[in-house]
Amino acid sequence: MGQSTNNTTASTNLFEKWFHLSEQGTTIKRELLAGLTTFVSMAYILFVNPSVLGMAGMNKGAVFTATALSAIIGCLLMAFLANYPIAIAPGLGDNAFFTYSVVLAMGISWQTAMAGVFVASVIFTILSLMKVREAVINAIPHDLKLAIAAGIGLFIAFVGLQGGGLVVASKSSLVQLGSLTVPTTWLTIFGVLAIALLMAKRVPGAIFIGMILTTLLGLVTGLIKMPAHIISLAPSMKPTFGVALTNLGKVNTPQMWAVVLIFLLVAFFDTAGTLVGLAQQAGLMKNDRMPRIGQALMADSISMLTGSVMGTTPTAAYVESSAGIAVGGRTGLTALTVGVLFAFSLLFSPLLTVVTTQVTAPALIIVGSLMASSLAGIDWLHFEIAFPAFMVVAGMPLTYNISYGIAFGFILYPLTMTVAGRRKEINWIMWTLLFVFILMLYVLNVLPS
């Protein structure tokens, strides 16, 4: 008994030393629950990424393993380098661009495209080492940081509404209410109500408990199928490992350098915006700056680099981390927990099939409402600030792209501030970003065609 108590105390002291739990007002139990909640919210990437990249001709089994390993590396680096409750894994936007725009539309082989991802990753890492990314993030005005947080909230809420079947496409109005005759849609509605009521009751871990209840209801009603197997060995990465390196010589055309630039720009600002938004939600910003931002960006850069070697598209900080933050995650122990669970997922991948979009959708919708609270801090009385902030918030969900929302606001902000006679308040970096974002919009929307 005494030995067990000593071991527990030693473990607690070790976690306290590494992650400074008491300083952040959190506990081991809360961090573990937060990590579990974040993992459950983003586990879908283990199946979505192989499906998307598989359409480009890549081996789905190899991509599954590369996805899990790159997430493990990213989460461990985020935990021990930056001590943030933010998970990293291959990003959905990048894999879609890789498959549909680069491979299928431009006719570039996936092997050459993956070499382009590797080159972008190297440049990305160099920019992080030079602290270019850190300087850019620190130069973002306070109101735009709040807008980024709120915009991401609306974005993930829209993702949840769409994934849960509550919002569907419409030819006449773009979107409309989903059919209430679809059983799985009612599973989402049940999840939203369950989490909302638990949140209103101030039940600890309300989001995770709601997700469990939704999963159980799905299994009982047959809307979620029981997995056929429990344990499965991780597939080999041989079909994709090192392919990026052996095809580097093919990254020597204007078309491929345009692809590299796109990957670089999208990865740069997607992760930057997400990190700021999540730090804002967690209350980790100090003097309008994100402490240890350099380490967080380095974790992202290294995971992106190793992921490209293993055979997956760029990694990114995950907006689903907001679910774990809402549960109470405040330190790297949350990210460490996510990384460990991704490691377990390599062996127990069949069990993850019960975590359908109807299970994760309610959590995203609820968390989106929590993040939207940042809107209260924006200076809506001054149009020169309010309009760029509004375009950030509206742009993310309406274009289904975090980078576009940021671009709209960052292009407008220097212009409206200058006309309002407040040019001296604009950092030179913001002027630089205006032209960078114009270039990004041109590359993303003109060159690929």
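Per an unreviewed UniProt entry, the chain goes by NCS2 family permease and derives from Limosilactobacillus allomucosae. One UniProt comment on the chain, placed under Subcellular location (unreviewed entry), says "Cell membrane". Comment text from UniProt for the chain, heading Sequence similarities (unreviewed entry), reads "Belongs to the nucleobase:cation symporter-2 (NCS2) (TC 2.A.40) family. Azg-like subfamily."

(A) Here's a closer look at the pairing of strand β3 (residues 174–177). Sheet topology note: the strand β2 (residues 167–170)/β3 ladder contains four bridges and is antiparallel. Its bridge partner being in β3, V167 is matched across the sheet by L177.

(B) Structural detail: helix α16 (residues 357–371). Here α16 contains 15 residues, and its C-alpha end-to-end distance of 20 Å stays within 8% of the 21 Å for a straight helix at 1.5 Å per residue. With respect to burial, α16 is a largely interior element, 12 of its 15 residues being buried. Considered for burial, the residues of α16 that qualify are Q358, V359, T360, A361, P362, A363, L364, I365, I366, V367, G368 and M371.

(C) How the structure looks around the environment of I207. Mapped onto the elements of the fold, I207 is located in helix α10 (residues 206–221). Note: C-alpha distance between I207 and L370 (163 residues apart in sequence) is 12 Å. Not counting residues up to four positions away in its chain, the partners in contact with I207 are T37, I195, M199, A323, A326, V327, A363 and V367.

(D) Focus on the packing of helix α3 (residues 45–54) against helix α4 (residues 60–82). Where α3 meets α4, the closest approach of the two axes is 8 Å, and the angle between their N-to-C directions is 135°. As summarised for this structure, α3 and α4 are arranged oblique, according to the angle between their axes. Here α3 runs over α4; the crossing is right-handed. Facing I45, L46, F47, N49, P50, S51, L53 and G54 of α3, the residues of α4 in contact are K60, V63, F64, T67 and A68. By residue class, the composition of the contact of α3 with α4 is eight nonpolar, four polar and one charged.

(E) Main features of the packing of aromatic side chains. Here the structure, examined in full by the defined rule, presents 12 aromatic pairs. Look at F19 and F80: their rings are 5.6 Å apart centre to centre, the planes differ by 35°, and that puts the pair in the tilted class. Here the residue F19 occupies a position in helix α1 (residues 2–19), and F80 occupies one in helix α4, the gap between them amounting to 61 residues. Residue F19 is classed as buried on the basis of its relative accessible area, which comes to 0%. For F80, a relative accessible area of 46% corresponds to the partly exposed category. Taking 5.4 Å as the distance between ring centres and 50° as the angle between the ring planes, the aromatic pair formed by F155 and Y400 counts as tilted. With F155 in helix α8 (residues 142–163) and Y400 in the loop between α17 (383–399) and α18 (402–419), this pair connects stretches of sequence that are 245 residues apart. By relative accessible area, F155 is classed as buried at 10%. A relative accessible area of 40% means that Y400 is categorised as partly exposed. Lying across the ring of Y84, R292 places its NZ or CZ 4.5 Å from the centre.

Thresholds applied
Residues numbered from 1 in each chain as written. Predicted model: local features only at pLDDT ≥ 70, side-chain atom pairs only at ≥ 80, totals over all residues. Heavy atoms only, no water. UniProt positions renumbered as here; feature names shortened; annotations may be inferred. Pairing = 2+ DSSP bridges. Helix = DSSP H or I, 4+ residues; strand = E, 2+ residues; numbered from the N terminus. Expected span 1.5 Å × (residues − 1). Buried < 20%, exposed > 50% of the residue type's maximum accessible area, 1.4 Å probe, protein only. Contact = heavy atoms within 4.5 Å. Axes fitted to C-alpha atoms, helices over the stretch in contact; angles between N-to-C directions. Parallel < 35°, antiparallel > 145°, perpendicular 65-115°, else oblique. Left-handed = near helix turned anticlockwise from the far one by under 90°. Nonpolar A, V, L, I, M, F, W, Y, C, P; charged D, E, K, R; others polar. Phe/Tyr/Trp six-rings, centres within 6.5 Å; stacked < 30°, edge-to-face > 60°. Lys NZ or Arg CZ within 6 Å of the ring centre and 35° of its normal.

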